[in-house]
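# Remarks on the overall topology
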Amino acid sequence: QSRLKEAVQLLEDYKHGTLPPGVTNKQLWGAQKIKQAIIHPDTNETIFMPFRMSGTPCPAVVGLLLPNQTLASTVFWQWLNQSHNACVNYANRNASKPSPTSKFIQGYLGAVISAVSIAVGLNVLIQRANKFTPATRLLIQRFVPFPAVASANICNVVLMRHTELEEGIDVLDTNGNIVGSSRVAAKHALLETALTRVVLPMPILVLPPIIMSVLEKTWLLRCWPRMLLPVQSLVCLAAFGLALPLAISLFPQMSEV
């Protein structure tokens, strides 16, 4: 809290031209980074730590990619992941137009149902495909989470932020003054957000299965199978570290139309 206060104060001083002597550009960029990671841009309120964009849902990602999933484990991990996604979407929503709680619940239920349905459906289809060898079937099953999570993420965003399409979102002039509400801007914002939610799980849910299928053949994991989970966790964490900045940087936070 004290570091956040210092960062916000430093940026305020910069804005008003009252910076104390000796403050460097590096310190200002550091303050900007802290503020943008923690403070909601519309409400100026602190975002609850696990629901910030910098909060990594690594346990859910590792769980989604575990081999030999049962029906119960598939449902559980998809539910846990979409529960976290729904909270992240709500915490980082466009707050210029208040959305009723019913929309949040609708988006949450839609995302969970679509994710679980697609994941379970694809798993059943793969199990019934007699053409595949057991090894091929296991490899294909590892890629099932991606289409399930990507489609559920789109569903989650659209359902939770559908009000914006009907009412529009605030648009600003070059000086930052609100000049009206636009449904065209809302379409742009929603499309860009949905695209980031498709790109975000791509490296996380596609790269680790490929890497793990190679690592599992090494003598280390064959001799010590208990190392499988820690190694997979590290691989997922590295993939997440690559994917998150990439997905978030696709579009600027403030866009022009």
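All values reported here derive from a predicted model rather than from experimental measurement. (Residues numbered from 1 in each chain as written. Predicted model: local features only at pLDDT ≥ 70, side-chain atom pairs only at ≥ 80, totals over all residues. Heavy atoms only, no water.)

## With respect to empty space enclosed by the protein
The cut-off we apply is this: Cavity and pocket criteria rest on a 1 Å grid covering protein atoms alone: a 1.4 Å probe that fits but cannot get out defines a cavity, protein on both sides within 12 Å along at least 5 of 7 lines defines an open pocket, and an atom within 4 Å of a point defines a lining residue. Grid points are joined across faces, edges and corners, and a volume is the space filled by probe spheres set on the points. Per the convention used, a helix needs a DSSP run of H or I reaching at least four residues, while a strand needs a run of E reaching at least two, with both numbered from the N terminus. The residue classification treats Ala, Val, Leu, Ile, Met, Phe, Trp, Tyr, Cys and Pro as nonpolar and Asp, Glu, Lys and Arg as charged. All others, Gly included, are polar.
Throughout the structure, instances matching the rule amount to three cavities of 30 Å³ or more. A volume near 160 Å³ is recorded for the second largest cavity. Around the second largest cavity, the lining is made up of 16 residues, and of these Leu64, Leu66, Gln69, Gln141 and Pro145 lie nearest the centre. Looking at the lining of the second largest cavity, the elements that each hand over two or more residues are helix 4 (71–91), helix 5 (101–128) and helix 6 (134–141). Ranked by residues supplied to the lining of the second largest cavity, first place goes to helix 4 with three residues. Split into classes, the residues belonging to the lining of the second largest cavity amount to nine nonpolar, six polar and one charged.

## Brief notes about the nonpolar core
The tendency in soluble globular proteins is for nonpolar side chains to be buried side by side. Let me state the cut-off plainly: Side-chain atoms within 4.5 Å link the members of a nonpolar core, which is a set of buried Ala, Val, Leu, Ile, Met, Phe, Trp, Tyr and Cys residues. When accessible area is computed with a 1.4 Å probe and restricted to protein chains, residues below 20% of their type maximum are described as buried, those above 50% as exposed, and intermediate ones as partly exposed. Any two residues whose heavy atoms approach within 4.5 Å are treated as being in contact.
One finds Val61, Leu200, Ile204 and Leu205 to be the most contacted residues of the largest nonpolar core, which totals 17 residues. Within the residue set of this core, elements represented by two or more residues are helix 3 (58–64), helix 7 (145–160), helix 10 (201–215) and helix 12 (228–248). By residue number, the principal contributor to this core is helix 12, which donates five residues. Those residues in contact with Leu205 that lie beyond four places of it in its chain are Val61, Leu64, Leu65, Arg142, Phe143, Pro145, Phe146 and Val149.

## Quick notes on the pairing of strand 2 (residues 178–182)
Across a regular strand the side chains alternate sides, sitting on one face of the sheet and then on the other. Applied cut-off: Strands were regarded as paired on the criterion that DSSP finds at least two bridges between them.
When strand 1 (residues 169–172) meets strand 2, the two strands line up antiparallel, connected through four bridges. Looking across to strand 2, one finds that Asp170 is bridged to Ser181. In this structure, the hairpin formed by strand 1 and strand 2 is closed by a connection of five residues, where Gly176 is found at a positive phi of approximately 85°.

## Some words on the packing of helix 1 (residues 2–15) against helix 2 (residues 25–38)
Rules: Here the axes come from fitting lines to C-alpha atoms, over the contacting stretch only for helices, and the angles between their N-to-C directions go from 0 to 180 degrees. Any angle from 65 to 115 degrees is called roughly perpendicular, while one under 35 is roughly parallel, one over 145 is roughly antiparallel, and all others are oblique. For a crossing to be left-handed, the near helix must be turned anticlockwise from the far one by less than a right angle; the clockwise case is right-handed.
Direction vectors running N to C along helix 1 and helix 2 enclose 120°, while the axes themselves pass 9 Å from each other. Accordingly, the angle class assigned to the pair helix 1 and helix 2 is oblique. Considering how the two elements wind past one another, helix 1 and helix 2 form a crossing that is left-handed. In this structure, helix 1 uses Arg3, Leu4, Ala7, Val8, Leu10, Leu11 and Tyr14 to contact helix 2, whose residues at the interface are Gln27, Leu28, Ala31, Gln32, Ile34, Lys35 and Ile38. In terms of residue class, the contact of helix 1 with helix 2 is built from 10 nonpolar, two polar and two charged.

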